[in-house]
Amino acid sequence: MGFLTVDHDKCKRDRVCAAECPMKLITFKEPDSFPGSVKGAEEICVSCGHCVAVCPNKAISVSTVNTVECLPINPDLLPKPEQVEHFLKSRRSIRSFKNKTVDRTILAKLIDIASYAPSGHNIQPVHWLVIEDKNEVHRIAGLVVDWTHYMIENMPEYAALMHLEAICSAWDQGSDRICRDAPHIIIAHAPEDLSMSQGSCTIALSYLELAAYSMGIGACWAGYVGAAAGLYPPLIQELALPEGHKAFGAMMIGHPKYRYHKIPPRTAPRIIWR
Ligand SMILES: Cc1cc2nc3c(=O)[nH]c(=O)nc-3n(C[C@H](O)[C@H](O)[C@H](O)COP(=O)(O)O)c2cc1C
């Protein structure tokens with residue numbers, strides 16, 4: 001089978017597939033011919049699936065995308081704009097968790113949804129490390145505290161900016177302000193030398209945070225873990241990520257202890273219109 005297969009009985013030659021291919025791999029020999037592909041298309045294709053997904057006639061398939069896995073969009077399941085607005089504005093960082101674990105099926109579902117986040121060239125560089133064991137979460141928080149001691153000593157300005165002294169003294173008094181006693185943390189990691197890794201991990205974690213909120217699961221960026229996990233050798237060793245990978249962000253996950261009743265205001269958008 002070649003790169004592009006077109007069902008001539010179904011194809012209406014509307015050229016939508018060609019218009020939507022980001023790499024411009026679909027061409028036409030004559031003005032009214034069926035779609036064809038450029039030389040070497042298979043190697044250039046980013047497997048985004050847009051050509052298959054945008055065709056209203058189910059007429060096209062490409063060797064780089066599993067057409068069977070292209071699920072239909074159900075308009076009834078799409079939220080209305082006011083629902084999206086309310087959902088996004090009412091999401092909160094959750095820092096108090098019930099002493100109860102989140103089912104692995106739910107954690108896996110969150111990660112599955114997060115894998116639909118955009119990534120440059122659809123390269124999908126994000127991998128996941130799920131710390132399911134609360135004791136291990138606490139151990140990681142302890143290593144981050146060790147890192148904060150190092151930072152206070154060696155980079156006092158950064159330490160002041162990040163309120164690291166307060167984090168340390170809270171820890172000494174038995175209060176975990178690193179992982180907030182969350183039962184789990186989810187770490188997004190990716191190849192260190194890839195320019196898209198940081199952005200892709202950040203966006204994927206943002207998807208994950210929103211997906212968690214939609215399921216009644218609490219989430220909060222674990223910024224100190226994210227920072228230390230990319231820098232502090234003992235923590236890097238503890239995480240034991242695959243060779244060449246770096247942690248680009250971490251999220252605390254658990255069942256929220258409290259429910260929010262209001263949406264606190266945010267600074268009005270600062271926009272330059274041109
Ligand atoms: C990159 C990033 C890192 C963060 N790190 C932490 C953190 O380490 N601990 C924490 O409690 N909250 C952390 N937060 C959550 C922010 O404090 C929170 O988003 C902000 O206060 C606004 O509250 P909201 O998310 O409920 O709107 C982080 C948020 C971001 C985006």
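Residues numbered from 1 in each chain as written. Predicted model: local features only at pLDDT ≥ 70, side-chain atom pairs only at ≥ 80, totals over all residues.

Let's talk about the overall build of the chain
- Secondary structure summary: the chain contains 11 helices and eight strands in total.
- Projected onto the principal axes, the alpha-carbon positions of the chain cover approximately 75 × 45 × 45 Å.
- Looking at the chain residue by residue over its 274 residues, the buried ones come to 30%. (Helix = DSSP H or I, 4+ residues; strand = E, 2+ residues; numbered from the N terminus. Buried ≥ 20, exposed ≤ 12 C-beta atoms within 10 Å, placed from the backbone.)

What to know about the site of the ligand
- The ligand sits among Arg92, Ser93, Arg95, Cys220, Trp221, Ala222, Gly223 and Tyr224.
- Every element with two or more residues in the shell around the ligand is listed here: strand 7 (218-221) and helix 10 (223-229).
- Looking at the shell around the ligand residue by residue, the classes come out as four nonpolar, two polar and two charged. (Near = placed C-beta within 6 Å. Nonpolar A, V, L, I, M, F, W, Y, C, P; charged D, E, K, R; others polar.)

Thoughts on the sheet that holds strand 5 (residues 127-131)
- Across the sheet, which stays open at both edges, the four strands sit in the order 5-6-8-7 with antiparallel pairing between neighbours. Only two strands of the sheet have a single partner each, and these edge strands are strand 5 and strand 7. Neighbouring strand axes in the sheet, compared pairwise and without regard to direction, differ in orientation by 25° on average. (Pairing = 2+ DSSP bridges. Axes fitted to C-alpha atoms, helices over the stretch in contact; angles between N-to-C directions.)

Regarding helix 6 (residues 134-154)
- Over its 21 residues, helix 6 extends 30 Å from the first C-alpha to the last, a length consistent with the 30 Å expected when each residue adds 1.5 Å.
- Burial in helix 6 covers these residues: Val137, Ile140, Ala141, Leu143, Val144, Val145, Trp147, Thr148 and Met151.
- Structurally, helix 6 contributes buried residues whose contacts are with strand 5, helix 7 (156-161), helix 8 (164-172), strand 6 (184-191), helix 10 and helix 11 (233-239). (Expected span 1.5 Å × (residues − 1). Contact = placed C-beta atoms within 7 Å.)

Points about the nonpolar core
- In this structure, Val144, Ile185, Val225 and Ile253 are the most contacted members of the largest nonpolar core, which totals 50 residues.
- Take this core: its biggest share by element is eight residues, from helix 6.
- Leave out the neighbours within four places in its chain, and Val144 touches Ile178, Tyr224, Val225, Ala228 and Leu235.
- Grouped together as the second largest cluster of nonpolar side chains are 13 residues, Leu4, Ala59, Ile60 and Val62 included. (Core = buried A, V, L, I, M, F, W, Y, C linked by C-beta atoms within 7 Å.)

Here's the deal with the domain arrangement of the chain
- Each assigned domain of the chain is listed with its residue range as follows: domain 1 (4-69) and domain 2 (83-254).
- Each of domain 1 and domain 2 was reduced to a C-alpha centroid, and the two centroids are 39 Å apart. (Domains from an automatic or database assignment.)

Remarks on the pairing of strand 8 (residues 245-254)
- In terms of burial, strand 8 is a largely internal element, nine of the 10 residues being buried.
- Bridge count between strand 6 and strand 8: eight bridges; the pairing is antiparallel. Each bridged residue has a counterpart across the sheet, and for His184 the counterpart in strand 8 is Ile253.
- As judged from the four bridges shared by strand 7 and strand 8, these two strands associate in the antiparallel manner. Of the residues in strand 8, the one forming a bridge with Gly218 is Gly254.

Some points on the environment of Pro191
- Among the structural elements, Pro191 can be located in strand 6.
- Assessed through the 16 C-beta atoms surrounding it within 10 Å, Pro191 is described here as partly exposed.
- With 98 residues separating them in the primary sequence, Pro191 and Ser93 have C-alpha atoms 28 Å apart.
- When sequence neighbours within four positions are dropped, the list of residues in contact with Pro191 reads Pro125, Ser197, Gly244 and His245.

Things to note about the packing of helix 5 (residues 104-114) against helix 9 (residues 197-214)
- One way to put it is that helix 5 packs onto helix 9 with a least axis distance of 8 Å and a crossing angle of 130°. Viewed along their axes, helix 5 and helix 9 adopt a mutual orientation that is oblique. Here the hand of the crossing between helix 5 and helix 9 comes out right-handed. Across the interface between the two elements, Leu110, Ile111, Ile113 and Ala114 of helix 5 pack against Ala204, Tyr207, Leu208, Ala211 and Ala212 of helix 9.
- Looking at the contact of helix 5 with helix 9, its residues break down into nine nonpolar, no polar and no charged. (Parallel < 35°, antiparallel > 145°, perpendicular 65-115°, else oblique. Left-handed = near helix turned anticlockwise from the far one by under 90°.)

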